[in-house]
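Structural overview
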Amino acid sequence: MKVLMKGNEALSEAAIRAGATLYFGYPITPQNEVGEYMSRRLPTIPGGAYIQAETEVASINMVYGAVSTGRRAMTSSSSPGISLMMEGISYLAGAELPAVVVSIMRGGPGLGNINPEQADYFQATKGGGHGSYRMIVLAPASVQEMTDLTVLAFDLADKYRNPVMVIADGNLGQMMEPVELKDSYPNNYDHSAWALTGAKGRKGHTITSIYLDADEMEDYIHKLYRKYGEIERVETRHEEFLTQDADVVIVAYGIVSRVVRSAVELLRAEGIKAGMVRPITLWPYPKAVLRKLAETATFFLACEMSMGQMVEDVQLSVEGRRPVYFYGRSGGNVPTPAEVVAAVRQRM
Amino acid sequence: MIRLGPRLTVISGAFGTGKTEIAINLALQLHAEGRDPVTLVDLDIVNLYFRSRQKAYELEQLGIRVISSVEGMENADLPALSPEINACFDRKDGPVVFDLGGSDLGGTVAAYLHRGFASEPSHHWLVVNPYRPFNQTAEATVEMAERIAARARLPITGMIANPHLINETTPEIIREGLARVREVTRYPLMYLSVMEEFYVPGAFDDLGVPVMVISKQMKQPWEPGGIMMAGRRGKRCP
């Protein structure tokens, strides 16, 4: 049976049903429903624990410790809080630990405001933390996807022993839609080869990201990058909407894709052949589909709730074959379908 | 026709049960019935997304008074309430609908206005949507309701059943949901609310409860008539 849930509640329940029993976090709007939900639900689950940490730095390091034992654990925050977690995310990637981090973006930079934005795209996909690492980044566009992609995030984290971020904006976190959840999701990865479970009757395991010797460090980084290459080959996900005959390809993710879908329908009604590509994985980025569409489309328009961040990945994908334009709003303003239609017409 | 005895009506409920939709619709219907001046008071300090004040411009154009946070603080998640709120107790000139924030935390704000509520009778109507996570059983609904009432220092005097799954609502969903709301026997059922797109005249007559037909107010930005999340510029333009 369907339930009516906010995005923040839905992803929390999905995490629990995917086997997450441990949550560590620090409050920040507009993602407080995650912590609130977890604080109600986790103490009722065998082995479950909710801890309100003293900071986001503490939260992410508690996640590091928890997932080192092979348990499914997560944290969540919003923009300034995610900034504080970046060191820990680099450590998780460096130690090859499976963790899920939920980022519900708000306005910025600095203290900004608590309205929805998508201006943490660079932070999520281009490092954010230090060193040569990659994080898988999933971008839901509906409350149902908040649940589905959270379940996927735990699976990918375990499959690749890598941190995975579910990234959405405040509007998606707060809005309500009907969702369907399964009672439980598979959670049967074997962590026995590396997890810290008490070295009774076996040699101890070590979880670390320190490699003092230059060659050892380089070999380890190469190993990580072979894994990232595999992720790029296997895990890239996107959705296309009316792209087959499209002259104009609009690229948008998350909540903006909902606006763009309406805009594409309006443009089609005017006889303009528009289509949309919606990246579901922001890293790895669906470059191949955009490169292919560059053979038939006249131009691309990236739409974001930022001053233009993902647009750079569209440009990299299209490789100069076609013009790539940008339309964005910021400060917490969500673009309307009419604005997107006007932005397309202006470039015709 | 809205059955109002007392002039003051407080709308409360768990998060996301439809308090704001009901409160705005109640104010609009009272206005349509000529019970002016109608006042809508937004007491939601819990969450700034999808609040009554985002409809303030439209409502004020109709002549409905909207009182919310301190001017200029609409987008701060601070417990900043307009001092004008006290005036609705003093004016005694027309119906006032209070949109309380979600859950027991939201109820605290009504307690802050206790002196006003003590000065004249009021309704305290609980909105229940059994398709929401914390309204799924009668026990959970009553437990939350009693926490709200205790925090608000206002006993609950009635319930509005608001069973829906937004755009996936069907007559069956409404009927099944109403049956589940009726499992809560502690409070009298005042209304069944039905969104206008799912309302068929006469179709719910056998249910034995007055139907309040409501129009969706808190629309997503991509829907026609959708509300803008933030900017003051947007607020000034209709």
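Residues numbered from 1 in each chain as written. Chains lettered and ligands numbered in written order. Predicted model: local features only at pLDDT ≥ 70, side-chain atom pairs only at ≥ 80, totals over all residues.

**Some points on the overall build of chain B**
Rules: Only DSSP runs of H or I covering at least 4 residues are called helices, and only runs of E covering at least 2 are called strands; the numbering of each starts at the N terminus. With C-beta atoms placed from the backbone, a residue is labelled by how many other C-beta atoms lie within 10 Å of its own: buried for 20 or more, exposed for 12 or fewer, partly exposed between the two. Here, residues touch in the contact sense if the C-beta positions derived from the backbone fall within 7 Å of one another.
Helix and strand counts for chain B come out as eight helices and eight strands. Counting every position in chain B, which comprises 238 residues, the buried fraction comes to 47%. Across chain B, every contact between residues at least 6 apart in sequence was considered, and the portion connecting residues at least 24 apart equals 71%.

**As for the nonpolar core**
In plain terms, the rule: Any set of buried Ala, Val, Leu, Ile, Met, Phe, Trp, Tyr and Cys residues joined through C-beta atoms within 7 Å is what this text calls a nonpolar core. Segmentation of the chain into domains, including their bounds, is taken from an automatic or database domain assignment.
One finds V100 and I250 of chain A to be the most contacted residues of the largest nonpolar core, which totals 109 residues. Broken down by element, the residue count for this core peaks at nine residues, all from helix α6 (residues 143-160) of chain A. Here this core spans two domains, and each of domain 1 (3-235) and domain 2 (238-346) of chain A adds at least three residues to it. The next biggest cluster of nonpolar side chains, apart from the first, holds 56 residues, and it includes I24, L28, I85 and F98 of chain B.

**Considerations on the domain arrangement of chain A**
Interface extent is often summarised as the accessible area lost during association of the parts. All names here are of chain A. If you check the domain split of chain A, you get domain 1 (3-235) and domain 2 (238-346). Taking the mean C-alpha position of each, domain 1 and domain 2 sit 28 Å from one another. Facing the 27 residues of domain 1 at the interface are 22 residues of domain 2. Taken together, the elements giving at least two residues each to the side of domain 1 that touches domain 2 come down to β6 (113-116), α5 (121-125), β7 (136-138), β8 (163-169), α7 (170-174) and α8 (214-235). Here the element with the most residues in the side of domain 1 that touches domain 2 is α5; it accounts for four residues.

**Points about the sheet that holds strand β7 (residues 189-195) of chain B**
Residues and elements named next belong to chain B. The criterion, for reference: Paired strands are those between which DSSP finds at least two bridges. In this analysis, axes come from line fits to C-alpha atoms, helices being fitted only over the stretch in contact, and the angle between any two N-to-C directions falls in the range 0 to 180 degrees.
Strand order in the open sheet made by the eight strands is β3-β2-β4-β1-β5-β6-β7-β8, with parallel pairing throughout. Two strands bound the open sheet, and with one partner strand each, they are β3 (65-67) and β8 (211-214). Across the sheet, the mean angle from the axis of one strand to that of its neighbour is 25°, orientation sign disregarded. As judged from the three bridges shared by strand β2 (residues 39-43) and β3, these two strands associate in the parallel manner. Bridging from a neighbouring strand, V41 pairs with I67 of β3.

**What to know about the packing of helix α1 (residues 7-17) of chain A against α6 of chain A**
Residue and element names in this part refer to chain A. Using the following cut-off: Any angle from 65 to 115 degrees is called roughly perpendicular, while one under 35 is roughly parallel, one over 145 is roughly antiparallel, and all others are oblique. Take the far helix as the reference: if the near one is turned anticlockwise from it by less than a right angle, the crossing is left-handed, and if turned clockwise, right-handed.
At a minimum axis separation of 8 Å, α1 and α6 run at an interaxial angle of 30°. The angle between the axes of α1 and α6 places the two elements in the roughly parallel class. Note that α1 runs across α6; the crossing there is right-handed. Contact residues: G7, A10, L11, A14 and A15 in α1; V143, M146, T147, T150 and V151 in α6.

**Some remarks on the sheet that holds strand β14 (residues 299-304) of chain A**
Residue and element names in this part refer to chain A. The strand order across the open sheet formed by five strands is β10-β12-β11-β14-β15, and the pairing between neighbours is mixed. Of all strands in the sheet, those bounded by a partner on one side alone are β10 (238-241) and β15 (324-328). Each strand axis lies, on average, 20° off the axis of its neighbour in the sheet, ignoring direction. As defined by bridge partners, β10 adjoins strand β12 (residues 274-279) across four bridges and the pair is classed as antiparallel. Paired with E240 across the bridge in β12 is V277. Docked against the sheet, helix α9 (residues 255-269) engages β10, β11 (248-251), β12 and β14, running at close to 165° with respect to β12.

**Looking at the environment of K126 of chain A**
Residue and element names in this part refer to chain A. Looking at the element boundaries, K126 is found in the loop between α5 and β7. By C-beta crowding, K126 is classed as partly exposed, having 13 other C-beta atoms within 10 Å. In this structure the C-alpha to C-alpha distance between K126 and D247, which are 121 residues apart in sequence, comes to 30 Å.

**Some remarks on the interface of chain A and chain B**
The following threshold applies: For this classification, the nonpolar set comprises Ala, Val, Leu, Ile, Met, Phe, Trp, Tyr, Cys and Pro, the charged set comprises Asp, Glu, Lys and Arg, and every other residue, Gly included, is treated as polar.
Every contact between the two is made by 28 residues of chain A and, on the other side, 20 residues of chain B. Residue classes in the side of chain A that touches chain B are distributed as 12 nonpolar, 11 polar and five charged.

**Re unusual backbone geometry**
Comment: phi is negative for the bulk of residues other than glycine, and the bulk of peptide bonds are trans. Along the chain, G108 of chain A connects to P109 of chain A via a cis peptide bond; the corresponding omega equals 5°. A cis amide bond links D36 of chain B to the next residue, P37 of chain B, at an omega of -5°. Along the chain, P37 of chain B turns up in the loop between α1 (19-32) and β2. Phi is positive for L242 of chain A, close to 55°, though the residue is something other than glycine. Locating L242 of chain A in the fold gives a position in the loop between β10 and β11. A positive phi angle, close to 65°, is found at S103 of chain B, a residue other than glycine. As for its position among the elements, S103 of chain B is in helix α4 (residues 103-112). Residue S103 of chain B is classed as buried on the basis of its 22 C-beta neighbours within 10 Å.

**Let's talk about the pairing of β14 of chain A**
All names here are of chain A. As a reminder, the rule being used: Every crossover in which the path from the first strand over the helix to the second runs clockwise, viewed with the strands pointing away from the viewer, is termed right-handed.
Burial runs high along β14: five of the six residues are buried. In the sheet, β11 pairs with β14 via four bridges, with the strands oriented parallel. Of the residues in β14, the one forming a bridge with V248 is F299. In this sheet, β15 lies alongside β14 in parallel orientation, the contact comprising five bridges. Following the sheet pairing, C303 is matched in β15 by Y327. Each parallel crossover has a hand, and for β14 linked through helix α11 (residues 311-318) to β15 it is right-handed.

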